[in-house]
Amino acid sequence: MKTITLEAPAKINLTLDILGRRADGYHDLRMVMQSVSLGDTVTVTESGDGFALLAEGITLPAGKTTLEQRAAESFFRYLDRPVPGLEVRLAKRVPAYAGLGGGSADVAAVLRGLRALYAPELPRRALEEIGLSVGSDVPFCVHGGTCLAEGRGEHLTDLPPLPDCAIVLCKPDFGLPTPELFARVDGAELGARPDTAAMEAALVRGDLPAVAGCLGNVFERVLTEEEGAEIRCIRAALARCGALGAAMSGSGPTVFGLFDDPARAHRAAEALGQKYRQTYLAAPVKKFRELE
Ligand code: C5P
């Protein structure tokens, strides 16, 4: 039986800058993205007819083609082969609508699994291109590791890995819909931008305090008073617990902090976990070697 189980790591944005709105309605971005060990587990199995998606603990959209199915259809269209019967099973750990790319990570894991089962020679770039047809964050989630991501998020340049550290992720109990946040950015005065070049230089030096010192996300500039207050409150709590730096990830609302001391990170996760149910401890994940 053809089957494979893969980890689907979430991502955080060490930096996120928006350069402008494009004619196609998307925005040109410049971000430093990092895979983290908080992730879902995805099993892809050839079985039966049609496409079945099974997930514990979440309700799947009824009557809608899921992103996982769209990814599988794009994959076999690219190969010019008929789509076999497939079952995809998700064990979810990454919160949804959190700015952590959980959905994109699952789609990317489906694509990596299909490649392993049906087309092991398919280049990484082709898999990323197929991923882009499903979502802007999917190419990075196919790639993994530490990258500068430009364009919609699909132009990826490898950067030196984030130095060893502990990462505390904390999601407050409200959602920030991605399209709405992009709409808020249009015409807004964003002020000082994250220093992407300084972030790249800090990664090249392997200098964790410098990395932590230039975390930044322009979406934090377009939060409402109430949303912003909650994000700042989590940032301040992480700093009090010894984080070297903290920022919101993606279109939020998850805030992450970087720690050089695992024991402090553990205590921070415990302290924040008292107030915020969705608090997690994670580590950086390197580029997926199976695609080399
Ligand atoms: O590509 P994806 O479907 O994940 O994007 C979700 C939404 O986020 C888009 O419909 C668009 O509103 C916004 N977006 C954008 N520019 C990007 C990525 C996403 O405006 N580069």
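This structure is a prediction, so every number in the text was calculated from the model and none was measured.

Calculation notes
- Residues numbered from 1 in each chain as written.
- Predicted model: local features only at pLDDT ≥ 70, side-chain atom pairs only at ≥ 80, totals over all residues.
- Heavy atoms only, no water.
- Pairing = 2+ DSSP bridges.
- Helix = DSSP H or I, 4+ residues; strand = E, 2+ residues; numbered from the N terminus.
- Axes fitted to C-alpha atoms, helices over the stretch in contact; angles between N-to-C directions.
- Contact = heavy atoms within 4.5 Å.
- Buried < 20%, exposed > 50% of the residue type's maximum accessible area, 1.4 Å probe, protein only.
- Near = heavy atom within 4 Å.
- Polar contact = N/O pair within 3.5 Å; in protein donor to acceptor, adjacent residues only side chain to side chain.
- Areas by Shrake-Rupley, 256 points an atom, 1.4 Å probe, with all protein chains shown as cover.
- Nonpolar A, V, L, I, M, F, W, Y, C, P; charged D, E, K, R; others polar.
- Phe/Tyr/Trp six-rings, centres within 6.5 Å; stacked < 30°, edge-to-face > 60°.
- Parallel < 35°, antiparallel > 145°, perpendicular 65-115°, else oblique.
- Left-handed = near helix turned anticlockwise from the far one by under 90°.

**As for the sheet that holds strand E11 (residues 278-282)**
In a beta sheet, neighbouring strands pair by backbone hydrogen bonds and run either parallel or antiparallel. Overall, antiparallel pairing links the four strands, which are arranged E9-E10-E7-E11 in an open sheet. Each having just a single partner strand, strand E9 (245-248) and E11 make up the two edges of the open sheet. Along the sheet, successive strands turn relative to each other by an average axial angle of 15 degrees, direction set aside. Bridge analysis of E9 against strand E10 (residues 255-259) gives four bridges, and the strand direction is antiparallel. Residue Ala 246 lies in a different strand from E10, and its bridge partner there is Gly 257. Docked against the sheet, helix H8 (residues 225-240) engages strand E7 (166-171), E9 and E10, running at close to 15 degrees with respect to E10.

**Examining unusual backbone geometry**
Cis geometry is adopted by the peptide bond preceding Pro 253, which originates at Gly 252 and carries an omega value of 5 degrees. You can see Pro 253 is positioned in the loop between E9 and E10. Here Asp 80, not a glycine, exhibits a phi torsion of approximately 60 degrees, which is positive. Position of Asp 80 among the secondary structure elements: in the loop between helix H1 (67-79) and strand E4 (86-91). Owing to a relative accessible area of 71%, Asp 80 belongs among the exposed residues under this scheme. A positive phi is found at Tyr 97, a non-glycine position, where the angle reads about 50 degrees. As for its placement among the helices and strands, Tyr 97 is situated in the loop between E4 and helix H2 (102-118). Tyr 97 sits in the exposed class, given a relative accessible area of 72%.

**So, the site of the ligand**
If you check the shell around the ligand, you find Gly 25, Tyr 26, His 27, Leu 29, Gly 135, Ser 136, Arg 152, Thr 178, Pro 179 and Phe 182 and nothing else. The separation between a nitrogen atom of the ligand and a polar main-chain atom of Arg 152 is 3.2 Å. Notes on the ligand: free accessible area 460 Å², of which the protein chains cover 71%. Residue assignment for the shell around the ligand shows that the elements contributing at least two residues are strand E2 (27-46) and helix H5 (178-185). Of the residues assigned to the shell around the ligand, the class counts are four nonpolar, five polar and one charged.

**Points about the pairing of E10**
Counting buried residues along E10, five of its five residues qualify, which places the element largely inside the surrounding structure. Side chains Val 255, Gly 257 and Phe 259 of E10 all project onto a buried face; the interleaved residues Phe 256 and Leu 258 project onto the opposite face, where all are buried too. Taken together, the five bridges between E7 and E10 define a ladder with antiparallel strand orientation. Pairing of Leu 169 across the sheet is with Phe 256, part of E10. Hairpin remark: E9 followed by E10, antiparallel, with six residues in the connecting loop; positive phi at Gly 250, about 50 degrees.

**Quick look at the packing of aromatic side chains**
Per the stated rule, a full pass over the model turns up three aromatic pairs. Here Phe 75 and Phe 76 contribute two aromatic rings whose centre-to-centre distance is 5.0 Å and whose plane-to-plane angle is 85 degrees, an arrangement assigned as edge-to-face. The same class applies to Phe 75 as to Phe 76, namely buried. Seen from their ring centres, Phe 76 and Tyr 118 are 5.2 Å apart, and the 75 degrees between their planes marks the pair as edge-to-face. One end of the pair, Phe 76, is in helix H1; the other, Tyr 118, is in helix H2, with 42 residues separating them in the sequence. Taking the relative accessible area as the measure of exposure, Phe 76 reaches 1% and is therefore buried. Classification of Tyr 118 by relative accessible area gives buried; the value is 11%.

**Concerning the environment of Cys 241**
Take Cys 241: it is sitting in the loop between H8 and E9. Not counting the four nearest positions on each side in its chain, Cys 241 is found in contact with Phe 259, Arg 264, Ala 268 and Ala 271.

**Topic: the packing of H2 against helix H3 (residues 124-132)**
Close contact between H2 and H3 brings their axes to 10 Å; oriented N to C, the two are set at 140 degrees. With respect to H3, the element H2 is oriented oblique. Viewed along their axes, H2 and H3 form a crossing whose handedness is right-handed. The segment H2 lies against H3, with Leu 111, Arg 112 and Arg 115 engaging Leu 127, Ile 130 and Gly 131. Residues of the contact of H2 with H3, tallied by class, amount to three nonpolar, one polar and two charged.

All we've got here are geometric facts, nothing functional implied.
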